[in-house]
Amino acid sequence: MRFRRSQKPTEDLDAYAPGHIVERPDTVGWRAGVVFASPHSGSTYPKDLLSRAKISPHQMRRNEDIYIDHLFQSAVAAGAPYLRAVFPRVVVDVNRAEDELPLHWADIVNDGDLTQPTPRAAAGLGVVPTFLSETLPIYERLPTEADVKARLETLYRPYHAALRNLVEDGLSRFGQVLLVDCHSMPGFAAMGARRPDIILGDRFGTSCHPDTIALFRELFQSAGYSVGINYPYAGGFVTSHYGKPSDGVEAIQIEVNRDLYVNPVTLSPKSGYVKLMEDLKAITREIVDSAVPQSLAAQ
């Protein structure tokens, strides 16, 4: 059954303005072709959203890449621009394709062509999520078609426009770009086994060169962290869409185990937070240093 199309959005998106923030390394300058991004660390939950929700803000925050925006803040001081979303993932997931929508919203971006949604979109885990998991619905009252369209136009597309601009600017400045997409993950798998401290994703060797992911692995392992590759997180839409090594653009996804730094009950930072932040400060510096053009490195 189709939803009746609403002519105007029923929700106010001004609470998320600006939808994203780009921080540039003005003090040291942009030193190398590296861009950092945090697409899922937005933590703004306005009353308008909560009034139609079936779950609490605390439950919504469990879907955040909590504190990742702060943990990777050191990228700017290291000499790389940093893009981060202000809106939360439950509103728009920019690590999904724009047309990854369930059937009843599919014609918003497909011009009326109701193609079958992906299994993830059909389960309510697409670009505008309706579920936090396959069994936990977000909404008491679903967003209207007009609301979904407004979220895409106001939040999703500007975020990706900013990301494209950074990548293109980096290419013009340095001739190559490495996009580092920063995330967090639940500390334990469904069966109770603890996940590695860090999981690196390169879409199974397609989104970056082998020596790039080898460098990242070495940096984290040298700092004392256990590292997994591509399982269970190989990278999402951002990694696959932007990572085109043959065109001079590499992309790699970093998943940080939340058990390292977040109390799972209160969601407040725990004692490991400070150490992790200091380690990431050194690692982001080394990532940027490794990409500095030889002509500049010799100066």
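Structure first, text after, so check above.
Note that this is a predicted model, so its numbers are computed, not measured.

K.L.:
Where do I start with unusual backbone geometry in this structure?
P.N.:
Excluding glycine, residues mostly carry a negative phi; peptide bonds, for their part, are mostly trans. The step from A17 to P18 runs through a cis peptide bond, and the omega angle for that step is -10 degrees. Mapped onto the elements of the fold, P18 is located in the segment before β1 (20–23). A cis amide bond links Y231 to the next residue, P232, at an omega of 0 degrees. Looking at where P232 falls in the secondary structure, it is placed in the loop between β8 (227–229) and α9 (237–242). Of note in this structure, F204 is not a glycine but carries a positive phi near 60 degrees. You can see F204 is positioned in the loop between β7 (198–201) and α8 (210–222). Here the phi dihedral of N230 falls at roughly 70 degrees; this positive angle occurs in a residue that is not glycine. Here N230 lies in the loop between β8 and α9.

K.L.:
How should I be thinking about the sheet that holds β7 in this particular structure?
P.N.:
The strands making up a sheet are joined through hydrogen bonds of the backbone, oriented either antiparallel or parallel. If you trace the seven strands from one edge of the open sheet to the other, you get β1-β3-β2-β6-β9-β7-β8, paired in mixed fashion. Both edges of this open sheet fall to β1 and β8, since each of them pairs with a single strand only. Strand-to-strand twist of the sheet, defined as the mean angle between neighbouring strand axes without regard to direction, takes the value 20 degrees. Judged from the four bridges that link them, β1 and strand β3 (residues 82–85) form a sheet pairing that is antiparallel. Directly across from H20, in β3, lies its bridge partner A85. Strands β1, β2 (34–38), β3, β6 (177–185) and β9 (249–257) of the sheet are contacted by helix α7 (residues 145–174), whose axis makes an angle of about 170 degrees with β3. Across the sheet, helix α10 (residues 272–291) lies against β2, β6 and β9, angled at about 145 degrees from β2, the strand it touches most.

K.L.:
It is not clear to me how α7 should be interpreted in this structure. Could you clarify?
P.N.:
Since the α-helix turns once every 3.6 residues, residues separated by three or four places project in the same direction. Compared with the 44 Å implied by 1.5 Å per residue over 30 residues, the 42 Å span of α7 between its first and last C-alpha is a close match. Largest kink in α7: about 35 degrees, centred on L152. Just past α7, the residue G175 takes up positive phi, approximately 85 degrees.

K.L.:
Sorry, what's going on with the pattern of salt bridges here?
P.N.:
As a working rule, side chains carrying opposite charge can pair if their charged atoms are close by. On inspection of all chains with the given rule, the structure shows 15 salt bridges. A salt bridge links E11 to R151; its shortest N-O distance comes to 2.6 Å. Residue E11 is located in the segment before β1, and its partner R151 is located in helix α7; the two are separated by 140 residues in the primary sequence. The same class applies to E11 as to R151, namely buried. Sharing partners across several salt bridges, the network here consists of R194, D197, D259 and K270.

K.L.:
Is there a simple way to think about the layout of surface pockets in this case?
P.N.:
The probe, sized like a water molecule, is rolled over the atoms to show the empty space still left. Quantified by volume, the largest pocket comes out at close to 1100 Å³. Elements with a minimum of two residues in the lining of the largest pocket: α2 (57–61), β4 (131–133), β6 and β9. Classifying every residue of the lining of the largest pocket gives 15 nonpolar, 12 polar and 13 charged. There is about 350 Å³ of room inside the second largest pocket. Q176, L178, E250, S290 and A291 are, among the 18 residues lining the second largest pocket, the residues nearest its centre. If you list the elements that add at least two residues to the lining of the second largest pocket, you get β6, α8 and α10. Of the residues in the lining of the second largest pocket, the class split is nine nonpolar, seven polar and two charged.

K.L.:
Would you mind going over the packing of aromatic side chains with me for this structure?
P.N.:
To describe a pair of aromatic rings, you give the distance between the ring centres and the angle between the ring planes. Tallying each qualifying case throughout the model produces five aromatic pairs. A ring pair is formed by F36 and F72, whose centres lie 6.5 Å apart and whose planes are at 35 degrees; its orientation type is tilted. Residue F36 is found in strand β2, and its partner F72 is found in the loop between α3 (68–71) and α4 (74–78); the two are separated by 36 residues along the sequence. Like F36, the residue F72 is buried in the burial classification. Every member of this aromatic cluster is reached through a ring pair, and the members are Y67, Y261 and Y273.

Rules used throughout
Residues numbered from 1 in each chain as written. Predicted model: local features only at pLDDT ≥ 70, side-chain atom pairs only at ≥ 80, totals over all residues. Heavy atoms only, no water. Helix = DSSP H or I, 4+ residues; strand = E, 2+ residues; numbered from the N terminus. Pairing = 2+ DSSP bridges. Axes fitted to C-alpha atoms, helices over the stretch in contact; angles between N-to-C directions. Contact = heavy atoms within 4.5 Å. Expected span 1.5 Å × (residues − 1). Bend = angle between axes of the 7 residues up to and from the residue. Salt bridge = Lys/Arg side-chain N within 4 Å of Asp/Glu carboxyl O. Buried < 20%, exposed > 50% of the residue type's maximum accessible area, 1.4 Å probe, protein only. 1 Å grid on protein atoms, 1.4 Å probe; cavity = no way out; pocket = protein on both sides within 12 Å on 5 of 7 lines; lining within 4 Å. Points joined across faces, edges and corners; volume = space filled by probe spheres on them. Nonpolar A, V, L, I, M, F, W, Y, C, P; charged D, E, K, R; others polar. Phe/Tyr/Trp six-rings, centres within 6.5 Å; stacked < 30°, edge-to-face > 60°.

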